[in-house]
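# Close look at the chain arrangement
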Amino acid sequence: MTSSGPALSSLPLRHHRHLHYLHVFFCTFYQYHLWPRLLLSLCLWTGGQVVQVSASHQHFHPHSIKIPGDITLGGLFPIHARGPHGVNCGELKKEKGIHRMEAMLYALDQINSDPELLPNITLGARILDTCSRDTYALEQSLTFVQALIQKDTSDIRCSNGEPPIIRKPERVVGVIGASASSVSIMVANILRLFEIPQVSYASTAPELSDNNRYDYFSRVVPPDSYQAQAMLDIVKAMGWNYVSTLASEGNYGESGVDAFMQISREAGTQSFLSTCVFFLICPSLGNIFLFMSGGVCIAQSVKIPREPTAGEFDKIIKRLMETSNARGVIIFANEDDIKRVLEAAKRANLTGHFLFVGSDSWGAKSSPVTELEDVAEGAVTILPKRASIDGFDQYFMTRSLENNRRNIWFAEFWEDDFRCKLTRPGIKLDPDKKKCTGDERIGRDSLYEQEGKVQFVIDAVYAMAHALHNMHQDMCPGSSGVCNNMDPVEGQVLLNYIRTVNFNGSAGTSVLFNENGDAPGRYDIFQFQMTNHSHPGYHVIGQWTNNLRLNLEEMQWSGGDRSVPESICSFPCKPGERKKMVKGVPCCWHCELCDGYQYQLDEFNCETCPSDMRPVPNRTACHPTPIIKLEWNSPWALVPASLAMLGILATSAVVITFIRFNDTPIVRASGRELSYVLLTGIFLIYLITFLMIAEPGVVVCAFRRLLLGLGMAITYSAMLTKTNRIYRIFEQGKRSVTPPKFISPTSQLVITFILICVQVLGVFVWFGVVPPHTIIDYDELRPPNPDLARGILKCDMSDLSIICCLSYSIVLMVTCTVYAVKSRGVPETFNEAKPIGFTMYTTCIVWLAFVPIFFGTAQSTEKMFIQTATLTVSMSLSASVSLGMLYMPKVYVIVFHPEQNVQKRKRSFKAVVQAATLSQKSTSDKQNGETRIEPDRTQ
């Protein structure tokens, strides 16, 4: 047969656009993938010269299965594995290839023998081998569109001048397959151009759910977006929030991991937004709620190359160990890559470290874990819910070389399954292999287990059959075969019927599709267990159908441990520790102790306890700070109280003695009126100690204010009046013999009470401005260690108010001291001048020591106790000095030497002044080195 000239393809109108797209698609694709052979085939369709058209089928498909029928379905199966570099096909795949392909043949037999489904219509098939390679599958699938391209052969004549007889290729109305997602994506791109519906039994890539790009693609298995959601739910159920991902390069692995990561982010974001809406504090929270609310952080996302180099898997394990806390590994990889990952983990002596969560490519397969059971132990895998089809087992186990000649690859399967060799003409038998007898039986002489996707292959074929059946009922009512309305079968119409099917599949579960052509998500969850089982292997531990049902009690891990291992970036913080998030990794944090007076408000924040509270020992809450006061049994109270009691007893003894000997010369000479006033002040000074120690209350606080400065004011007002009187007498005597005014006892009392009233008036003004009350001071005793914090019950008297209360008495004290210094020249026997002077000097020393002690302890944790003790002791000492120097000598004389308590000769004011003058002169002479003896004029 020869060609008389070039001929252009003559296509129906609706395929002109498709042919243009096909030409552009392949011309672009050729730049990266296809071989010149594919380009040559395109030239036959897109305007090139037609050469040997009748042999085109054999040229493209020397190995394919043709099942005759009224309606032909295409089939794509990975009969062989991907070949080494430069070779399309490799070794035979018994389960994923032969089992699945035989499942399609079995389904066709069942449908064709069913009088209710497609009656009087026979389904045929054209089944091709994809060799697990997307580019090769694309080339093979060109046969499915050949019938849609009508060629003009009017210019072609045979050598005898007759027109050629060209065998018309069968028209494929729909395609079952492919298996791998990458293959389905590649094939779907060309099938959609010619409106050929496609139903896959194993492709799960989420990308295929895009109804805009893959509108003619449907599948009876759920997409990996469901699988990814199920795997995320498993991870969350086990309490993991930090995992790594591992994917084989390609659509399946990469799309699966991308779906897992995307769903994880969405889960965290949605819960975070709902949390923000609830609390109305979005701007301040950032993304810290991601891991709390369902998100999972990805520690490492590793990709396995299509053609891994030597040592590649060891590098992958080493990289996964960079984040060793992420023990959970989400793996979307083919079974060969899974096996090599497990081998690398074993070589790295990491048996039991990684906790794998495998996708359906791992499922319940035994091949990836063979001889690696210890490494795979505890692996959780997922598989679309399936059932073993008993009818297929009976069908397949009865297949033999004699009754299965339609399967052109069955002889190769037979040799591989029984490890024997068939004799062929011209081929010498390998002496190392036994000869196949043909009497071998599957399942008897070889191991047999139904491949997991057999159910879905059968369901895919039945889905296509039910769609054709419904289409036939609507378009060919009453017709017993294919009517004109279905010849040809329009792809778009058939697609609509496919998307609306709903029937019980081979496993008894419903088969239906959503608007994107996806099947509902139904998964079984397995765990590979080795211990405590009579049959080690995969055990069902749960299901997932839109939500997870996982039996954690049935799970067990390496060594039979039943507690779920942890796969978290950071371990939970202890009570009282807040989480300081690691920037950009919301599942990782550092634990920081809430220090000082802080307590743990929530997982991420510490807050200071209120001033009247302190944190509990574990810092998870606050409780009231204990309230204390100065107790009577405290050493800080016993010492001052003891001194004060002795002082009160001594003062009482002096008062009693003076009253008893009130008319004696010594008592009269000491100035009885002022002495009683002064002794009253000393008594009040001692008394204030008990008020300072007593439990604060309104009455106690009022008396503290009143008596704190009043006792000293009374005491030093009386002393000041005495010293001032002496000073004025002798100063007046120097100028005149006339005595000064206001030196009588009455005048002295009036002056003293005037001075006292200044103190009393100030206190009552204080009462009016700030009424006395108690307070609890939580700041005074608040050391760095909150366990030692105490609230102090005290009167509302600050350090400053205490000093202000005493300031007037200090002024009186200083003024009295000044007059005592000026009156130091008065004769020793004259009216207590010298004792008063010594008293004031000593008192000043006491109070000079008090000031640094009082203010120097302001930061001490024992401030209240030290200051109270210091103040009361200082006041008691000053009172004791006054009592001891002014009155104890007199009491001693009165009690023990009454003979000295006699009346002395009265002297006039002039004599007194002269005596003082002479005394001053004598003192001056002694200072000049002269000593004069003056007559004694004191009598």
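Heads up: the structure comes first, above all this text.
A short tour of the structure in this document, coming up. (Residues numbered from 1 in each chain as written. Predicted model: local features only at pLDDT ≥ 70, side-chain atom pairs only at ≥ 80, totals over all residues. Heavy atoms only, no water.)

Here we take up helix 21 (residues 745-769). For helix 21, spanning 25 residues, the distance from its first C-alpha to its last is 36 Å, which sits close to the expected 36 Å at 1.5 Å a residue. Taken together, the buried positions of helix 21 are Ser-747, Gln-748, Thr-752, Ile-756, Gln-759, Val-763 and Phe-767. (Helix = DSSP H or I, 4+ residues; strand = E, 2+ residues; numbered from the N terminus. Expected span 1.5 Å × (residues − 1). Buried < 20%, exposed > 50% of the residue type's maximum accessible area, 1.4 Å probe, protein only.)

Grouped together as the largest cluster of nonpolar side chains are 68 residues, with contacts concentrated most on Met-104, Leu-123, Tyr-201, Phe-392, Leu-468 and Leu-494. Grouped together as the second largest cluster of nonpolar side chains are 65 residues, Leu-679, Cys-701, Val-763 and Leu-883 included. (Core = buried A, V, L, I, M, F, W, Y, C linked by side-chain atoms within 4.5 Å.)

In this section: the packing of aromatic side chains. Applying the stated criterion across every chain yields a total of 21 aromatic pairs. When the ring of Phe-392 is compared with that of Tyr-395, the centres are 6.0 Å apart and the planes differ by 40 degrees; the resulting orientation is tilted. A residue pair is termed a helical-turn pair when its members lie 3 or 4 positions apart in one helix, as Phe-392 and Tyr-395 do in helix 13 (residues 390-397) at three residues. Here the two residues Phe-392 and Tyr-395 agree in accessibility, since each one is buried. (Phe/Tyr/Trp six-rings, centres within 6.5 Å; stacked < 30°, edge-to-face > 60°.)

Here we take up the environment of Thr-868. Position of Thr-868 relative to the elements: it lies in helix 24 (residues 863-886). Sequence separation between Thr-868 and Ile-693 is 175 residues, and the spatial gap between their C-alpha atoms is 7.8 Å. Discounting residues that sit within four places of it in the chain, Thr-868 has contacts with Leu-630 and Met-692. (Contact = heavy atoms within 4.5 Å.)

Read across the open sheet, the eight strands follow the order 12-11-13-14-15-20-21-22; overall the sheet is mixed. The open sheet has two edge strands, strand 12 (297-304) and strand 22 (548-550), and neither has a second partner. Within the sheet, the average angular offset between the axes of one strand and its neighbour, ignoring direction, is 25 degrees. Relative to the sheet, helix 7 (residues 224-237) contacts strand 11 (242-248), strand 13 (328-332), strand 14 (355-358), strand 15 (380-384), strand 20 (523-529), strand 21 (537-544) and strand 22, its axis offset from that of strand 13 by approximately 170 degrees. (Pairing = 2+ DSSP bridges. Axes fitted to C-alpha atoms, helices over the stretch in contact; angles between N-to-C directions.)

What follows concerns the state of the cysteines. Under the defined criterion, the tally for this structure stands at nine disulfides. Here Cys-476 pairs with Cys-483 through a disulfide, and the sulfurs are 1.6 Å apart. Between Cys-476 and Cys-483 the disulfide shows an S-S torsion of about -65 degrees. By sign, it is left-handed. The burial state of Cys-476 is the same as that of Cys-483; both residues are buried. Considering cysteine sulfurs only, Cys-805 is the nearest to Cys-804, which forms no disulfide, with 8.7 Å between them. (Disulfide = S-S within 2.5 Å.)

It is worth spelling out the packing of helix 10 (residues 312-320) against helix 11 (residues 335-347) at this point. Packing of helix 10 against helix 11 brings their axes to within 9 Å, and their N-to-C directions diverge by 65 degrees. By the angle between their directions, the pair helix 10 and helix 11 is classed as roughly perpendicular. Crossing of helix 10 against helix 11: the hand is right-handed. Contact residues: Phe-313, Asp-314 and Ile-317 in helix 10; Asp-337, Arg-340, Val-341, Ala-344, Ala-345 and Arg-347 in helix 11. Of the residues that constitute the contact of helix 10 with helix 11, the class distribution is five nonpolar, no polar and four charged. (Parallel < 35°, antiparallel > 145°, perpendicular 65-115°, else oblique. Left-handed = near helix turned anticlockwise from the far one by under 90°. Nonpolar A, V, L, I, M, F, W, Y, C, P; charged D, E, K, R; others polar.)

Here the focus is the pairing of strand 21. Examined bridge by bridge, strand 20 and strand 21 share seven bridges and lie antiparallel to one another. Note on strand 21: the bridge partner recorded for Phe-526 is Val-540. Two strands pair when backbone bridges link them, and strand 21 and strand 22 are joined in this way by three bridges, in the antiparallel orientation. By the bridge assignment for strand 22, Trp-544 is matched with Leu-548. The antiparallel pairing of strand 21 with strand 22 creates a hairpin that spans three residues between the two strands, and Asn-546 there sits at a positive phi of about 70 degrees.

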